[in-house]
Amino acid sequence: MSAVLLGIYDVFKKISLKENAVIPVLTFSILISAGLFLIPLVASTYAPESMQAIRFYVPKVNLETHLYILLKSFIVLGSWISAYFGMKNIPITIYSPIRATQPVWTVIGAFFIFSERLTPMQTIGVVITITFFYLFSLAGLKEGISWKKNKWIWLIVLATLLGSASGLYDKHLMHEFDRVAVQVYSTLYQAIIMLIVLFTLWYPNRKSTTPFQWRWSIIGISLFLMIADYVYYWSLSSEGSLISIVSTIRRSGAVVPFLFGALFLKEKNLKMKGVLLCGILVGVILLTFGAMRG
């Protein structure tokens, strides 16, 4: 469910960012989410039993927990800002396969940080994914996109690496703190941080950059991400869940925006990109089965 919802979220993101200012789009989408999350936050104080019954109770947390969540907010925003700028300037059929490689970097990070050992099948999955990732970089040359010189590509790569770091951090947070508290408070912190960014970096220079246009698709960004993250955290907090499996399934949602780009945006070289995307997905599927068998 999270994978499909995340794919739809990417579609709304692409629609919202077309010829639009990145920082306001991101800020307003987060503000909408934060505003909606204030409802369960307040309700948890006055009607805790009702909120517990619907699995949306937000417990009070101490200062140390708030600091852990604040760190997550900075990591996530770093990933989002990079991804938003990259997506605006790169075809979505190139963006999606790059983002689909995120589980590979998560597994590699788990290998070094948590000393998790790769099974033979996982090793094959990593090799296949990285190979097709490299082939995808060569395919971009057919559209005049050089990975060495294109800063937007590198922003998407940075977003993917930060997303992997966030996933590894989520593994720790979900086993130490309440999942709903993490989602609600991190969103509120993101809203505060983005308001500061909006008024200090974008607003003073707004006349010399791409103008901002309000679009209803921005609400779609908020709603689909909120629900996608809610079920993602629910899955990750379940006993016996593995970040390598959860992250891999979640990123398979890259197929949704890829199909959107193919069917509605009529982007180029779709057959070749489709083959390379399938290669990447085969690699991440092997990661999943390798983790299950391990």
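Residues numbered from 1 in each chain as written. Predicted model: local features only at pLDDT ≥ 70, side-chain atom pairs only at ≥ 80, totals over all residues. Heavy atoms only, no water.

### Examining unusual backbone geometry
Outside of glycine, negative phi angles account for most residues, and trans bonds account for most peptide bonds. Let me state the cut-off plainly: The secondary structure listing takes helices from DSSP runs of H or I that are at least 4 residues long and strands from runs of E that are at least 2 residues long, numbered from the N terminus. For each residue, the accessible area found with a 1.4 Å probe, counting protein chains only, is set against the maximum for its type, and the residue is called buried under 20%, exposed over 50%, and partly exposed in between.
Positive phi, close to 50°, is recorded for E19, a residue that is not glycine. Take E19: it is sitting in the loop between α1 (2-17) and α2 (22-46). Even without glycine at this site, R55 takes up a positive phi of about 60°. Secondary-structure assignment places R55 in the loop between α3 (48-53) and α4 (63-89). Note on R55: relative accessible area 46%, which makes it partly exposed.

### Describing the side chain of T101
Counted only if it meets this: The criterion used for residue contact is that any of the two residues' heavy atoms lie within 4.5 Å.
Topologically, T101 is positioned in the loop between α5 (92-100) and α6 (102-113). Judged by relative accessible area, which is 1%, T101 ranks as buried. In this view, T101 contacts T129, F133, T160 and I280; residues no more than four positions away in its chain are not counted.

### Describing the packing of α6 against helix α8 (residues 151-176)
Where we set the bar: A fitted line through C-alpha atoms serves as each axis, taken over the contacting stretch for helices, and the angle formed by two N-to-C directions is quoted from 0 to 180°. Roughly parallel covers angles under 35 degrees, roughly antiparallel covers those over 145, roughly perpendicular covers 65 to 115, and oblique covers all other angles. The hand of a helix crossing depends on one turn: near helix anticlockwise from the far one by less than a right angle means left-handed, and clockwise means right-handed.
Remark: α6 packs on α8, axes separated minimally by 8 Å, with the N-to-C direction vectors making an angle of 50°. Comparing their axes, α8 and α6 come out oblique. Remark: the crossing between α6 and α8 carries right-handed chirality. From α6, Q102, W105, T106, G109, A110 and I113 reach across to α8, where they touch A159, T160, L161, G163, S164 and L168.

### Some details on the packing of α1 against helix α12 (residues 255-263)
Applied cut-off: Three residue categories are used. Nonpolar comprises Ala, Val, Leu, Ile, Met, Phe, Trp, Tyr, Cys and Pro, charged comprises Asp, Glu, Lys and Arg, and polar comprises the others, including Gly.
For the pair α1 and α12, the least separation of the axes is 7 Å and the interaxial angle reads 40°. Compared by their axis directions, α1 and α12 come out oblique. Here V4, G7, I8, D10, V11 and I15 of α1 come into contact with α12, specifically with V256, P257 and F260. Class assignment of the residues belonging to the contact of α1 with α12 gives a composition of 7 nonpolar, 1 polar and 1 charged.

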